[in-house]
Amino acid sequence: MQKIKPGNTTITVSRAGFGVLALGQTHKALSNEEGAELLLYGLRRGIEFFDTAQYYEEYPLIRKFLEKAQAERYKREDIVICSKSLASDYEGMMDAVNEALRELELEYIDIFFMHEVRSDQFKERIGAWKALKEAKASGKVRAIGLSTHHSDVAMEAASIEDLDFIFALLNIEGLGIRTGEDGGPGEKLPGYRISDRAGTREEMEAALKACRDAGKGVLTMKALGGGNLAASYREALDYAFSRPFVDSVMLGMSSETEIDQLIDYLEGRLPSDFSPDISDKKLKVNQEDCVGCGECMKACASGAIYYGSYGLAEIDLNKCIDCGYCAYACPTRAIIRV
Ligand code: SF4
Ligand code: SF4
């Protein structure tokens, strides 16, 4: 596995990272033991970069993985852990960093992100950013950054002096990229401000190039569009891994087969006509990300989506024809394939 030292940072990451969200309770729901074994399998195959978040609630699974890795004589510096928090103020972010250190039983987190920054939010969350800068200065984290689906936020990140990494959504179809805060359907819901303007792949590319030119490390997520591009696996990965301004691509994987496919792809052994078996993958509404805006229902001509408990969307798989239109329409990328 190729390794890279992104931008002006001091951290070395593997070219592909492991998105641990795919293993957690909202997705594959593996036990801590099963999940830890799968991460260990990824590590043995050369994936040394692991991404989680405070709200994924996966720290016990990752702690178990780290114990297993240590037992196999991997050193702490062989593994790069990044986490992130939705905290919007100083106390919340400092608590989030301390929680990660405590729960993971680590002396430092490699990269800590302000999670899911939307347009114009950076200034509002400046207290949280101050906490991240202090955490870095005190050695609790080695590098700090923003994670975002918004191209305008990624562009803003290029000029944030203390920012080491941008972690942004990018895929060949531009699925899920947003820009601006135009007042979308989610805006009327307390606590949410979802843009109703879809951003483009080109806008995100321009922003990430600007980050690269400014010496930032550039990480991307959702290369397979939350599973919606899985049928175009090779094409989607060709795009993701050939962007010259991208250092590492984070991919959610939930089986040894998926890890092997990725390694085969990166090592040039994947057959040219390869098509992954996604027959057992079903659409699902990630209840953590759904804001109940109803956009998916408007897009679904089959009437397969309904409001379940707590007013959030759910999919009736008996009516679903798997056209994928709802996933395209969802402003928060809450509709995934697991
Ligand atoms: S995949 Fe198509 S049919 Fe199924 S829930 Fe989404 S929009 Fe409706
Ligand atoms: S799943 Fe449907 S209701 Fe929930 S955020 Fe997405 S589009 Fe809105």
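Our subject is the structure listed above.
These lines cover the structure that appears in this document, whether it is placed above or below. (Residues numbered from 1 in each chain as written. Chains lettered and ligands numbered in written order. Predicted model: local features only at pLDDT ≥ 70, side-chain atom pairs only at ≥ 80, totals over all residues.)

### Brief notes about the site of ligand 1
Here is step 1: Near ligand 1 you find 14 residues, and of these Cys300, Ala304, Cys320, Cys323 and Cys326 are the closest.
Here is step 2: Looking at the shell around ligand 1 residue by residue, the class counts come to 11 nonpolar, 2 polar and 1 charged. (Near = placed C-beta within 6 Å. Nonpolar A, V, L, I, M, F, W, Y, C, P; charged D, E, K, R; others polar.)

### Section: the nonpolar core
Here is step 1: Core analysis: the biggest nonpolar cluster contains 82 residues, and Phe112, Ile166 and Leu208 have the highest contact counts within it.
Here is step 2: If near-sequence neighbours (up to four positions away) are discounted, Phe112 is found in contact with Cys82, Ser83, Lys84, Val97, Leu132, Ala135, Val141 and Ile144.
Here is step 3: In terms of nonpolar packing, the next biggest core, distinct from the first, is built from 17 residues, Val291, Cys293, Ala313 and Ala327 among them. (Core = buried A, V, L, I, M, F, W, Y, C linked by C-beta atoms within 7 Å. Buried ≥ 20, exposed ≤ 12 C-beta atoms within 10 Å, placed from the backbone. Contact = placed C-beta atoms within 7 Å.)

### Quick notes on the environment of Glu37
Here is step 1: Within the secondary structure layout, Glu37 lies in helix H1 (residues 32–44).
Here is step 2: Along the backbone, Glu37 and Lys68 are 31 residues apart, and their C-alpha atoms lie at a distance of 8.0 Å. (Helix = DSSP H or I, 4+ residues; strand = E, 2+ residues; numbered from the N terminus.)

### Some thoughts on the packing of helix H3 (residues 90–104) against helix H5 (residues 126–137)
Here is step 1: Where H3 meets H5, the axes come as close as 7 Å, and the angle between the chain directions of the two elements is 40°. Judged by the angle between their axes, H3 and H5 are oblique. In the packing of H3 onto H5, the handedness of the crossing is right-handed. Note on element contacts: H5 touches H3 through Gly127, Ala128, Lys130, Ala131, Leu132 and Ala135, opposite Tyr90, Gly92, Met93, Met94 and Val97.
Here is step 2: Among the residues forming the contact of H3 with H5, the class breakdown is 8 nonpolar, 2 polar and 1 charged. (Axes fitted to C-alpha atoms, helices over the stretch in contact; angles between N-to-C directions. Parallel < 35°, antiparallel > 145°, perpendicular 65-115°, else oblique. Left-handed = near helix turned anticlockwise from the far one by under 90°.)

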